[in-house]
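# Overview (structure and organization)
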Amino acid sequence: MPLNADFDPAALKGFLANRFGDAAMTLERIGGGQSNPTYFVDYGAHRMVLRKKPAGPILRGAHAVDREFRVLEALAPTSVPVPRPVLYHAGVEPLGTPFYLMERLDGRVFHDCSLPGLVPAERRAIYFGMAEAMAKLHAVCPDAVGLGDFGRPGNYFERQIGRWTRQLRESPSDRIPALEAVADWLPQHLPADDGRVSIAHGDFRLGNLLFHPGKPEVIGILDWELSTIGHPLADLGFCSMTWHSTPDEYGGILGLDHAALGIPSQRKFLDHYFAHAVPTAPLQRFHLVFSLFRFAVIFVGIADRARAGSAASADAASKSPLASRFAARAQEIIQGARPWRAA
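Heads up: these notes are all about the structure in this document. Quick caveat: nothing in here was measured; it's all calculated off a predicted structure.

In this section: helix α5 (residues 177-188). The terminal C-alpha atoms of α5, which comprises twelve residues, lie 18 Å apart, in line with the 16 Å expected from a rise of 1.5 Å per residue. Every buried residue of α5 is accounted for by Ala178, Leu179, Glu180, Val182, Ala183, Trp185 and Leu186. Buried residues in α5 make contact with α4 (156-170), α9 (285-308) and α11 (322-335).

Shown next as structure tokens:
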């Protein structure tokens, strides 16, 4: 059994044999993810990735691998770069939870947003490639790809504030006063709903993108667990957190010399996105604060799963302090201690 596997590989091999015929199988757990356990699966000529729900108790609506698979199926025929979906299995058996398989793509994943090992021109191109991939996603009309019922259109941020505040207050973890203060601030500064609707990825950041082996081009947007019908500025604000968090805060770039590294400023990144996007309202301070709040609550959930022993990542417990760190970053933006749009 591979390190930290949460199911019997023989059960998977039997399932695949019924689907594809008898063949040799290799299985490897992929590190880095904090939510749904993920594995490389080679079965005969099939090179795949398996994503499944974690074992143990989970919050209602969390770890929705069925939604991940559905959005991959919907986007596969479009220009949005996604891995090809292979199959979804809704049953608890044989792996203990539902799971799905998608094709395995060969490319580069950058978990460190400072992009070590690249030259400045490559770093700039990677960031602009990220902006262009996001613009492609937001240009897709949900109704046109069969995702018109993938979420409720309208009042996206109001509903999201309610959802994540509720999840925060249902957590058994100790209260974080700064995070509670941000939860109170958000509904009081909610911008008017402009009616813009798109598919929102929900976790759009550099570490969830697969780049071409030799080009600054995204070939696969990964980890769709939090995707829904939403607002493009939710993804844009979430992606902008990179400029407002330090390298030890999930690999941000705050405090680094962006010009020397060749990384575009947040303002230039936003300009590049808007130059390729369907016309959209400008990003506001609210969207960044909301994104920092939501990410903080996600880390509260990771800490809860670590205590329960059901976290997907072996280092999940070490991530729990990040909830307080991102809450503090949100308060800095609220209080004007740092500009919300890094020049």
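There is more to say, and it comes next.
Now for the pairing of strand β2 (residues 38-43). Where strand β1 (residues 25-29) meets β2, five bridges bridge the pair, whose relative direction is antiparallel. Counterpart to Met25 in the pairing with β2 is Tyr43. Strand direction decides the pairing type here: β2 and strand β3 (residues 46-52), joined by six bridges, are antiparallel. By the bridge assignment, Asp42 is partnered in β3 with Arg47. Counting the residues in the hairpin turn of β2 and β3 gives two residues, including Gly44, whose phi is positive at 60°.

With that settled, the discussion passes to the pattern of salt bridges. Summed over the entire model, instances satisfying the criterion amount to 16 salt bridges. Close ionic contact of Asp184 with Arg169 constitutes a salt bridge, the shortest N to O distance being 3.5 Å. Of this pair, Asp184 sits in helix α5 while Arg169 sits in helix α4; the two residues are 15 residues apart in sequence, bridging distant segments of the chain. Among the residues examined, Arg169 registers a relative accessible area of 40% and is labelled partly exposed. Here Asp203 ties to Arg205 by a salt bridge, and the two come within 2.8 Å at their closest N and O atoms. One network of salt bridges, with partners in common, ties together Asp248, Glu249, Arg325, Arg329, Glu332 and Arg338.

Moving on, we get to the pairing of β3. Among the seven residues that make up β3, five are buried, leaving the element largely enclosed by the rest of the structure. Inspection of the sheet shows β3 paired to strand β5 (residues 99-103) by five bridges, in the antiparallel sense. Each bridged residue has a counterpart across the sheet, and for Lys52 the counterpart in β5 is Phe99.

A word on the environment of Ser240. Structurally, Ser240 is set in helix α6 (residues 232-240). Note on Ser240: relative accessible area 0%, which makes it buried. Placed 234 residues apart in sequence, Ser240 and Asp6 show a C-alpha to C-alpha distance of 34 Å. In this structure the side chain of Ser240 is engaged in a polar contact, spanning 3.4 Å, whose partner is the side chain of Gln266.

Applying the stated rule across the entire model yields 19 aromatic pairs. Arranged with centres 5.2 Å apart and planes meeting at 75°, the rings of Tyr156 and Phe157 form a pair that is edge-to-face. Pair check on accessibility: Tyr156 and Phe157 agree, each one buried. Plain terms: the ring middles of Phe295 and Phe299 are 4.7 Å apart, the flat faces sit at 65° to each other, and that makes the pair edge-to-face. Of this pair, Phe295 and Phe299 both sit in helix α9, four residues apart, which is roughly one turn of that helix. Across this residue pair, the class does not change: Phe295 and Phe299 are buried. Three or more aromatic residues joined by ring pairs form one cluster here, namely Phe238, Tyr250, Phe295, Phe299 and Phe326. The cationic tip of Arg67 hangs over the ring face of Phe150; the distance from NZ or CZ to the ring centre is 3.9 Å. The ring centre of Phe40 lies 3.5 Å from the NZ or CZ of Arg104, which sits over that ring.

A few words now on unusual backbone geometry. Apart from glycine, the bulk of residues carry a negative phi angle, and the bulk of peptide bonds sit in the trans form. Note the cis peptide between Glu93 and Pro94, where omega equals 10°. Looking at the element boundaries, Pro94 is found in the loop between β4 (85-89) and β5. A positive phi angle, near 60°, is found at Asp223, a position not held by glycine. Inspection of the secondary structure puts Asp223 in the loop between β8 (218-221) and β9 (228-230). Here Tyr250, not a glycine, exhibits a phi torsion of approximately 65°, which is positive. Here Tyr250 falls in the partly exposed class, since its relative accessible area comes to 22%.

Conventions and cut-offs
- Residues numbered from 1 in each chain as written.
- Predicted model: local features only at pLDDT ≥ 70, side-chain atom pairs only at ≥ 80, totals over all residues.
- Heavy atoms only, no water.
- Helix = DSSP H or I, 4+ residues; strand = E, 2+ residues; numbered from the N terminus.
- Expected span 1.5 Å × (residues − 1).
- Buried < 20%, exposed > 50% of the residue type's maximum accessible area, 1.4 Å probe, protein only.
- Contact = heavy atoms within 4.5 Å.
- Pairing = 2+ DSSP bridges.
- Salt bridge = Lys/Arg side-chain N within 4 Å of Asp/Glu carboxyl O.
- Polar contact = N/O pair within 3.5 Å; in protein donor to acceptor, adjacent residues only side chain to side chain.
- Phe/Tyr/Trp six-rings, centres within 6.5 Å; stacked < 30°, edge-to-face > 60°.
- Lys NZ or Arg CZ within 6 Å of the ring centre and 35° of its normal.

Any functional reading would require information that these geometric values do not contain.
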